[in-house]
Amino acid sequence: MPVTTRKLQSHPHASRIANGCALVIVAICIVLTILAESERLWWRAYLVAQFRVEIFALCSLVAIALVSFRGSAVLATSVSLCALLSFSHLIPYYIPRTQPPMVSEKSLKLMQINLNVKNKQYEAVTAYIQRIDPDAVLLAELTPEWRDYLTTHLKTHPHCVTDSRIDTYGIGIYCKKAPKNASIEYLGKSGHPSIVAELQGLEKSVHLLHTHVQGPVKEQFFAWHKGQFEAMQELVKELPPPLVVSGDLNANAWTYLISDFLNKSGLVDTQWGRGIRLTWPTPFYWRYGFCPLLAIDHFFVSDDVIVKRKDLGIPNSSDHYPVVIEISL
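This one's a predicted model, so the numbers in the text were calculated from it and none came from an experiment.

Moving on to the pairing of strand 10 (residues 297-301). With five of five residues buried, strand 10 is to be regarded as a mostly interior element. By the alternation rule, side chains of strand 10 split into Asp297, Phe299 and Val301 and His298 and Phe300, which are all buried.

Here we come to the packing of helix 3 (residues 52-68) against helix 4 (residues 73-88). One can describe the packing of helix 3 onto helix 4 by two numbers: an axis separation of 8 Å at closest approach and a directional angle of 155 degrees. Judged by the angle between their axes, helix 3 and helix 4 are roughly antiparallel. The two elements helix 3 and helix 4 meet at a crossing, and its hand is left-handed. For the pair helix 3 and helix 4, the contacting residues are Arg52, Ile55, Phe56, Cys59, Ser60, Val62, Ala63, Leu66 and Val67 in the first and Leu75, Ala76, Val79, Ser80, Cys82, Ala83, Ser86 and Phe87 in the second. Classifying every residue of the contact of helix 3 with helix 4 gives 13 nonpolar, three polar and one charged.

A contiguous nonpolar surface patch, about 240 Å² in accessible area, is contributed by Val24, Ile28 and Leu58. Here isoleucine 28 shows up in helix 1 (residues 2-37). On the basis of relative accessibility, which here comes to 43%, the residue isoleucine 28 falls in the partly exposed class.

A separate point is the sheet that holds strand 3 (residues 159-163). Taken in spatial order, the six strands make up an open sheet running 3-4-2-1-12-11, and their pairing is mixed. Pairing within the sheet leaves two strands with one partner each, and these edge strands are strand 3 and strand 11 (306-312). Within the sheet, the average angular offset between the axes of one strand and its neighbour, ignoring direction, is 15 degrees. Of the strands in this sheet, strand 1 (108-114), strand 2 (136-140) and strand 12 (323-328) touch helix 5 (residues 122-132), which is tilted by about 160 degrees from strand 1. In the packing of helix 6 (residues 144-153) onto the sheet, contacts are made with strand 2, strand 3 and strand 4 (171-175), and the angle to strand 4 comes to roughly 5 degrees.

On to the nonpolar core. Counting residues in each nonpolar core, the largest one holds 55 residues, and the members touching the most others are Leu110, Leu209, Val245 and Ile327. With residues up to four places along the chain from it excluded, the contact list for isoleucine 327 reads Lys106, Ser107, Leu108, Leu110, Leu202, Val206, Val244, Val305, Ile306, Val307 and Lys308. If you look at the next biggest cluster of nonpolar residues, it comprises 17 residues, including Tyr122, Ile129, Val137 and Trp146.

Definitions and cut-offs
- Residues numbered from 1 in each chain as written.
- Predicted model: local features only at pLDDT ≥ 70, side-chain atom pairs only at ≥ 80, totals over all residues.
- Heavy atoms only, no water.
- Buried < 20%, exposed > 50% of the residue type's maximum accessible area, 1.4 Å probe, protein only.
- Helix = DSSP H or I, 4+ residues; strand = E, 2+ residues; numbered from the N terminus.
- Axes fitted to C-alpha atoms, helices over the stretch in contact; angles between N-to-C directions.
- Parallel < 35°, antiparallel > 145°, perpendicular 65-115°, else oblique.
- Left-handed = near helix turned anticlockwise from the far one by under 90°.
- Contact = heavy atoms within 4.5 Å.
- Nonpolar A, V, L, I, M, F, W, Y, C, P; charged D, E, K, R; others polar.
- Patch = residues over 30% accessible without salt bridge, like charges linked within 9 Å, V, L, I, M, F, W, Y side chains within 5 Å.
- Areas by Shrake-Rupley, 256 points an atom, 1.4 Å probe, with all protein chains shown as cover.
- Salt bridge = Lys/Arg side-chain N within 4 Å of Asp/Glu carboxyl O.
- Pairing = 2+ DSSP bridges.
- Core = buried A, V, L, I, M, F, W, Y, C linked by side-chain atoms within 4.5 Å.

See the structure below:
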């Protein structure tokens, strides 16, 4: 009997601990959701908003656990509402989109690769580009070493426009056909280069803006990050369709700066209707054990561009997945 008594007395204590833990976890979910919804007010809240997929997953799991174990109905309802609020930003990626009728019989394949300045797999990357056989390769984190190697060895793409750097913001494009009116632009105050060019291969030239936006991990960097999006918005107004905007934008498209950019420019996110494809970081790279968390490598197109397919590629020792799209008019 004494043993039974002790067991019966321990149940209320265990129940209080469980309820307390549930309350803390739900409070964390609510705080994260509120911060994400306040992203326009504070740069740190903007960082939290990058993780809406993870916030949605956390809130959903907590809600399921509370319902399964008959936890507090108030807590279950609260965290379920947080999950729904986060998922509301992700809905466009799962609604099929109607594209305009295809007129062009030709197609243009574009491959975007963030090389990673620490990556030295020159031969593997070059062989992979040649296997995928894109019409244009759009590169980020292009160092002078990468530029020299690709210019010498990527014989299938002899035409290039580059601004290589020793930091992570070198940029370049390598094309089968010579691009027209190519220029290097410096958008905003970050001093990072972007490339504007006209790609050949379809019935009309496709205007391209390829860029790499400053990561917003510090307040000053966020100011550069935001300023670059604002400068991109002004530049896009001057570029006629068909238009493609590509690059490592260091932001997810469900955050407000990209949402505003798309709304004001009239561009379409090629990810809409195809599900969320997380591109960074790749698992088992130098951050061993991480799983992909963010979808920050983007292709946006004008509404007269048809996206025939979009795929993630093989990272080849980069911390980003390559992104490949095939477009027509």
